[in-house]
Amino acid sequence: EAVNDLEKIREMYPRLQMLGGVDKEILIDVSNKSIEEELDKISKLMKKGGYIPHIDHAIPLDAEWYKLKEYREKLNNIIDNPNFIY
């Protein structure tokens, strides 16, 4: 598991352009990770600019379709309106 804290990196390098960093484990049904927590991080980074969110590597084969759909719908709302509160 990579331990890349994008919020901390953004603080250290405010002009750095970043992409990725979305934890794919939020799409696995047995994961304890919350889609909302991940989207909160994404929203904060997007508000500061210079960030394009996407799932790192590939979507896991054991990803749950309903979780992927939920993630994409909520991410689209954030992209359309970074002040969106889910």
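See the structure above.
The text that follows walks through the structure, step by step, so that each part is easy to find. Every chain's residues receive numbers from 1 upward, in the order its sequence appears when written. In keeping with the model being predicted, local features are shown solely for residues with a pLDDT of at least 70 and side-chain atom pairs are shown and tallied solely at 80 or more, while totals for entire chains, interfaces and linings include all residues. Side-chain numbers here rest on the full set of heavy atoms in the structure, without hydrogens or water.

### Quick look at the overall build of the chain
Turning to step 1, where the next piece is worked out: Counting secondary structure elements, the chain contains three helices and two strands.
Turning to step 2, where the next piece is worked out: Helical segments are the DSSP runs of H or I of at least four residues, strand segments are the runs of E of at least two, and each set is numbered from the N terminus. Put simply, the chain runs from its N terminus to its C terminus through helices and strands in the order α-β-α-β-α.
Turning to step 3, where the next piece is worked out: Taking all 86 residues of the chain together, 31% fall into the buried category.
Turning to step 4, where the next piece is worked out: Residues count as neighbours in contact if any of their non-hydrogen atoms are within 4.5 Å of one another. Residue pairs in contact within the chain that sit at least 24 positions apart in sequence constitute 72% of those at least 6 positions apart.
Turning to step 5, where the next piece is worked out: Only the protein chains shown count as cover for residues, and the accessible areas themselves come from Shrake-Rupley with a 1.4 Å probe. Surface accessibility of the chain: about 6000 Å² in total, with carbon and sulfur atoms responsible for 52%. Here's how the labels work: a residue is buried when its accessible area is under 20% of the maximum for its type, exposed when over 50%, partly exposed in between, all with a 1.4 Å probe on protein chains only.

### Describing the nonpolar core
Turning to step 1, where the next piece is worked out: What makes a nonpolar core is a set of buried Ala, Val, Leu, Ile, Met, Phe, Trp, Tyr and Cys residues whose side-chain atoms join them at distances within 4.5 Å. Counting residues in each nonpolar core, the largest one holds 16 residues, and the members touching the most others are V22, I26, L27, L39, I42, Y51 and Y71.
Turning to step 2, where the next piece is worked out: Elements supplying a minimum of two residues to this core: α2 (35-48) and α3 (65-80).
Turning to step 3, where the next piece is worked out: Considering every element that reaches this core, the biggest residue donor is α2, with five residues.
Turning to step 4, where the next piece is worked out: What Y71 contacts, discounting residues up to four positions off in sequence, is V22, I26, L27, I35, L39, I42, H54 and I55.

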